[in-house]
Amino acid sequence: KTPFGTFFGPNITPDRGHGIGGWSDGDFIRALRDGVAPDGSHYFPVFPYTSYTGMTDADLRALKAYIFTLPAVARPSRPHQVDFPFGWRFLQLFWKWLYFDRGPVRPDPSHPAAWNRGAYPARAVAHCGECHTPRTLLGGPENARLFGGTDDGPDGEPVPNITPDPKTGIGKWAPDEIADLLEIGMLPDGDFVGSLMAEVVESATGKLTAADRAAVVIYLRSLPPVRTKSPAAKPK
């Protein structure tokens, strides 16, 4: 659910009739790199191609290879329920002009290797900013408040500030405490995250290597602190 309507995840199994079984590697890379379907239409940015664009071609091909090992499901995708005029896909051209930076992510030589190693999953593969960055009225990211949290995240739930601001972010968290959250979902007070973040830990950050999680911590702690109006809500 979004301010523009309700979007439903499409069938991305290798079924040739209703899924992506007929896609070439080029089709797959174009979808995740440019947000463009094989028929040339533009995807809505609720599909986070805006982050996946940062992945390397090799990783995108590996992702496709994995998906194509899954069972094919012959089920049509459910149509989105998008309010007028936001359902016009050609309008995404203007949205992309305003907000889309095409990848892939390039290593930043001004930062050490560990920082670049952490930036890659945080910005691209695990796409932390898709939920943790506030949005404009048009649904674009407020890059000046990157990872600064929002009161109205997915399905209306608040999403915490994960910048190193000491009052409203995670600036007082020890590196090991951030790593523990990424690995097992445990907060510094011993409680555990739930809801969408629990799914992220179970399916994504908890499966990173310890070295990758440590690199993500380095990246997060390097972000410019963002001060929110009130302390970020505790992840549910």
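Residues numbered from 1 in each chain as written. Predicted model: local features only at pLDDT ≥ 70, side-chain atom pairs only at ≥ 80, totals over all residues. Heavy atoms only, no water.

(A) Highlighting the packing of aromatic side chains. This model, assessed by the stated rule, comprises 11 aromatic pairs. Judged by centre distance (6.0 Å) and plane angle (50°), the ring pair of Phe47 and Tyr49 falls under tilted. Given a relative accessible area of 0%, Tyr49 falls into the buried group. The residue whose ring lies beneath Lys64 is Phe68, and the NZ or CZ to ring-centre distance is 4.0 Å. (Phe/Tyr/Trp six-rings, centres within 6.5 Å; stacked < 30°, edge-to-face > 60°. Buried < 20%, exposed > 50% of the residue type's maximum accessible area, 1.4 Å probe, protein only. Lys NZ or Arg CZ within 6 Å of the ring centre and 35° of its normal.)

(B) Inspection of helix α5 (residues 113–125) at higher detail. Relative to the 18 Å expected for 13 residues at 1.5 Å per residue, α5 spans 17 Å between its end C-alpha atoms, a close match to the ideal helical length. Those residues of α5 that sit buried are Trp115, Asn116, Gly118, Ala119, Tyr120, Pro121, Ala122 and Ala124. If you follow the buried residues of α5, they end up packed against α2 (49–52), α3 (57–67), α6 (129–132) and α9 (210–221). In the stretch just after α5, His127 is the one whose phi turns positive, near 40°. (Helix = DSSP H or I, 4+ residues; strand = E, 2+ residues; numbered from the N terminus. Expected span 1.5 Å × (residues − 1). Contact = heavy atoms within 4.5 Å.)

(C) Up close: the environment of Arg89. Within the fold, Arg89 resides in the loop between β2 (81–82) and α4 (92–99). Relative accessible area serves as the criterion here: at 29%, Arg89 is assigned to the partly exposed category. Separated by 47 residues in the primary sequence, Arg89 and His42 place their C-alpha atoms 5.6 Å from one another. Not counting the four nearest positions on each side in its chain, Arg89 is found in contact with Ser41, His42, Tyr43, Phe44 and His80. A polar atom in the side chain of Arg89 sits 3.0 Å from the backbone oxygen of His42. (Polar contact = N/O pair within 3.5 Å; in protein donor to acceptor, adjacent residues only side chain to side chain.)

(D) Molecular detail of the side chain of Thr163. By the secondary structure assignment, Thr163 is in the loop between α6 and α7 (175–184). According to the relative accessible area criterion, Thr163 is buried, its value standing at 0%. If we ignore the near neighbours within four places in the chain, the residues touching Thr163 are Leu146, Phe147, Gly148, Gly169, Ile170, Gly171, Pro224, Pro225 and Val226.

(E) Seen up close, unusual backbone geometry. A cis amide bond links Phe84 to the next residue, Pro85, at an omega of 0°. You can see Pro85 is positioned in the loop between β2 and α4. Note that the residue after Gly103, namely Pro104, is joined by a cis bond; omega there is 10°. A positive phi angle, near 65°, is found at Phe147, a position not held by glycine. On the secondary structure map, Phe147 appears in the loop between α6 and α7. Of note, the phi angle at Ser195 is positive, near 55°, even though the residue is not glycine. By secondary structure assignment, the location of Ser195 is in helix α8 (residues 195–203). Judged by its relative accessible area of 32%, Ser195 falls in the partly exposed class.

(F) Geometry of the environment of Glu142. Here Glu142 is to be found in the loop between α6 and α7. For Glu142, a relative accessible area of 27% translates into the label partly exposed. For Glu142 and Tyr99, which are 43 residues apart along the polypeptide, the C-alpha to C-alpha distance reads 9.2 Å. Glu142 has contacts with Thr133, Pro134, Arg135 and Thr136, leaving out every residue within four places of it along the chain.

(G) Region of the structure containing a nonpolar patch on the surface. A cluster of nonpolar side chains, contributed by Phe84, Trp88, Phe90, Leu93 and Phe94, occupies part of the molecular surface with about 620 Å² of accessible area. If you trace the backbone, Phe84 turns up in the loop between β2 and α4. (Patch = residues over 30% accessible without salt bridge, like charges linked within 9 Å, V, L, I, M, F, W, Y side chains within 5 Å. Areas by Shrake-Rupley, 256 points an atom, 1.4 Å probe, with all protein chains shown as cover. Salt bridge = Lys/Arg side-chain N within 4 Å of Asp/Glu carboxyl O.)

(H) Inspection of the environment of Tyr49 at higher detail. With respect to the element layout, Tyr49 can be found in helix α2. Between the C-alpha atom of Tyr49 and that of Ala124, which follows or precedes it by 75 residues, the distance is 9.0 Å.

(I) Summary view of the side chain of Lys96. Following the sequence through the fold, Lys96 ends up in helix α4. Despite its burial, Lys96 pairs with no opposite charge; the closest candidate is Asp34, at 6.8 Å N-O. A polar contact is formed between the side chain of Lys96 and the backbone oxygen of Gly35, at a distance of 3.3 Å. Contacts of Lys96, omitting those with residues within four sequence positions, involve Asp34, Gly35, Val36, His42 and Tyr49. (Lys, Arg positive; Asp, Glu negative; His and termini not counted.)

Function cannot be inferred from these measures alone, as they are strictly geometric.
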